[in-house]
Amino acid sequence: DTAVSQTPKYLVTQMGNDKSIKCEQNLGHDTMYWYKQDSKKFLKIMFSYNNKELIINETVPNRFSPKSPDKAHLNLHINSLELGDSAVYFCASSQESYFMSADTQYFGPGTRLTVL
Amino acid sequence: RKEVEQDPGPFNVPEGATVAFNCTYSNSASQSFFWYRQDCRKEPKLLMSVYSSGNEDGRFTAQLNRASQYISLLIRDSKLSDSATYLCVVNMRTGFQKLVFGTGTRLLVSP
């Protein structure tokens, strides 16, 4: 009964390829996020969605495209992968909405992406 | 200047020791503050929120000084299981959260 799950856990691919990472939460939360943690362990927000609506879009290359088919899922598609995309990507969710703030974000286990 | 700055450590302490971590943030309009814990190769997990009045959860005490833009975490009676990286986290906006993470302070508790 994992709260926030991500697939795959590990992803090794060649430069130039296109890949997707899937995220699902079963907590009934309205808001989901994608973070990138680089080799220096610096964790940085990429996107957030509330009920399928884009809320935060940081200065991320447009090769990264999030897609939220429903509020329980937030997938990340990456085109034309580059060496610098190698990192751990974390999905997270929280209860916050337009009507309610929330202290806690719940993180998935992460997807370790290696671009060769 | 980084938005959230922490001493990366590592802090090496024996079991039973008291250890304190500090963090500074640059944006005076920051809304809310947290400490997250991240174990090696695992996801971050909320340890505690930080309030201006200070708050305590068992062996952990967090303090916020808005005037100095400074956050602290005190761990008393350290356990081996406290070994982890402690992330200082600041929410930069009203409404939907935009969390900005420090690079973390690594704690190693030894027997």
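Quick look at the structure, then. Values in this document were obtained by computation on a predicted structure and should not be read as measured data.

### Digging into the overall build of chain B
Reasoning step 1: Along chain B, the regular secondary structure elements total zero helices and eleven strands.
Reasoning step 2: Sequence-ordered secondary structure for chain B, helices as α and strands as β, is β-β-β-β-β-β-β-β-β-β-β.
Reasoning step 3: Over its C-alpha atoms chain B spans a radius of gyration of 13 Å, differing by no more than 12% from the 13 Å that the globule rule assigns to 111 residues.
Reasoning step 4: Dimensions of chain B along its principal axes, counting C-alpha atoms only, are 45 × 30 × 25 Å.
Reasoning step 5: Across the 111 residues in chain B, those meeting the buried criterion constitute 48%.
Reasoning step 6: Entry remark: accessible area of chain B is about 5200 Å², with carbon and sulfur atoms responsible for 48%.

### Let's talk about the sheet that holds strand β7 (residues 60–65) of chain B
All names here are of chain B.
Reasoning step 1: Read from one edge to the other, the open sheet built from five strands follows the order β1-β3-β8-β7-β6, with strand pairing classed as antiparallel. The two strands at the open ends of the sheet, each matched to only one other strand, are β1 (4–6) and β6 (55–57). Pairwise comparison of adjacent strand axes, ignoring direction, gives a mean angle of 20° for this sheet.
Reasoning step 2: Pairing of β1 with strand β3 (residues 19–25), which is carried by three bridges, proceeds in the antiparallel orientation. Paired with V4 across the strands is Y25, a residue of β3.

### Here's the deal with the nonpolar core
Reasoning step 1: Grouped together as the largest cluster of nonpolar side chains are 25 residues, with contacts concentrated most on W35, I71 and Y86 of chain B.
Reasoning step 2: The set of elements that each furnish at least two residues to this core consists of β3, β4 (32–38), β5 (44–50), β7, β8 (70–75), β9 (84–91) and β11 (105–110) of chain B.
Reasoning step 3: In this structure, I71 of chain B is in contact with F21, N22, C23, Y25, F33, W35, V50, Q63, L64, C88 and V90 of chain B, ignoring residues within four places of it in sequence.
Reasoning step 4: Counting 20 residues, the second largest nonpolar core, distinct from the first, contains I21, I78, A87 and C91 of chain A.

### Brief notes about the pairing of strand β1 (residues 4–7) of chain A
Residue and element names in this part refer to chain A.
Reasoning step 1: Only one face of β1 is buried, namely the one carrying V4 and Q6, since none of S5 and T7 on the opposite face is buried.
Reasoning step 2: Direction of pairing for β1 relative to strand β3 (residues 19–25): antiparallel, over a ladder of four bridges. Note that in β3 the partner of S5 across the bridge is E24.

### Some thoughts on the sheet that holds strand β7 (residues 64–70) of chain A
The pairing of strands in a sheet comes from backbone hydrogen bonds and takes either a parallel or an antiparallel form.
Residues and elements named next belong to chain A.
Reasoning step 1: In spatial order, the strands read β1-β3-β8-β7; together these four strands make up an open sheet with antiparallel pairing. Unpaired on one side and paired on the other, β1 and β7 mark the two borders of the sheet. For this sheet, the mean angle separating the axes of adjacent strands, direction not counted, is 20°.
Reasoning step 2: Bridge count for β3 against strand β8 (residues 73–78) is four bridges, and the pairing is antiparallel. Each residue of the ladder has a partner; that of I21, found in β8, is L76.

### Looking at the interface of chain A and chain B
Reasoning step 1: Facing 25 residues of chain A, the contacting portion of chain B comprises 18 residues.
Reasoning step 2: Roughly 1900 Å² of surface becomes buried between chain A and chain B when both sides are summed, with 54% attributable to carbon and sulfur atoms.
Reasoning step 3: At the junction of chain A with chain B, the criterion picks out one salt bridge.
Reasoning step 4: One salt bridge connects K98 of chain B with E58 of chain A, and the closest N-O pair in it is separated by 3.3 Å.

### Quick word on the side chain of S65 of chain A
Residue and element names in this part refer to chain A.
Reasoning step 1: Along the chain, the position of S65 falls in strand β7.
Reasoning step 2: Overall, the relative accessible area of 18% leaves S65 in the buried class.
Reasoning step 3: Beyond its immediate stretch of four places on either side in the chain, S65 contacts N75, L76 and H77.

### Some remarks on the pattern of salt bridges
Residue and element names in this part refer to chain A.
Reasoning step 1: Inspection of the entire model under this criterion finds eight salt bridges over all chains.
Reasoning step 2: Between K71 and D30 there is a salt bridge, and its shortest N-O distance comes to 2.8 Å. In this pair, K71 sits in the loop between β7 and β8 while D30 sits in the loop between β3 and β4 (31–37), placing the two residues 41 residues apart along the sequence.
Reasoning step 3: Classification of D30 as partly exposed rests on a relative accessible area of 22%.
Reasoning step 4: Overlapping salt bridges bring together R63, E82 and D85 as one network.

Scoring rules and cut-offs
- Residues numbered from 1 in each chain as written.
- Chains lettered and ligands numbered in written order.
- Predicted model: local features only at pLDDT ≥ 70, side-chain atom pairs only at ≥ 80, totals over all residues.
- Heavy atoms only, no water.
- Helix = DSSP H or I, 4+ residues; strand = E, 2+ residues; numbered from the N terminus.
- Rg over C-alpha atoms; globule rule 2.2 N^0.38 Å.
- Buried < 20%, exposed > 50% of the residue type's maximum accessible area, 1.4 Å probe, protein only.
- Areas by Shrake-Rupley, 256 points an atom, 1.4 Å probe, with all protein chains shown as cover.
- Pairing = 2+ DSSP bridges.
- Axes fitted to C-alpha atoms, helices over the stretch in contact; angles between N-to-C directions.
- Core = buried A, V, L, I, M, F, W, Y, C linked by side-chain atoms within 4.5 Å.
- Contact = heavy atoms within 4.5 Å.
- Buried area = accessible area lost by both parts, 1.4 Å probe.
- Salt bridge = Lys/Arg side-chain N within 4 Å of Asp/Glu carboxyl O.

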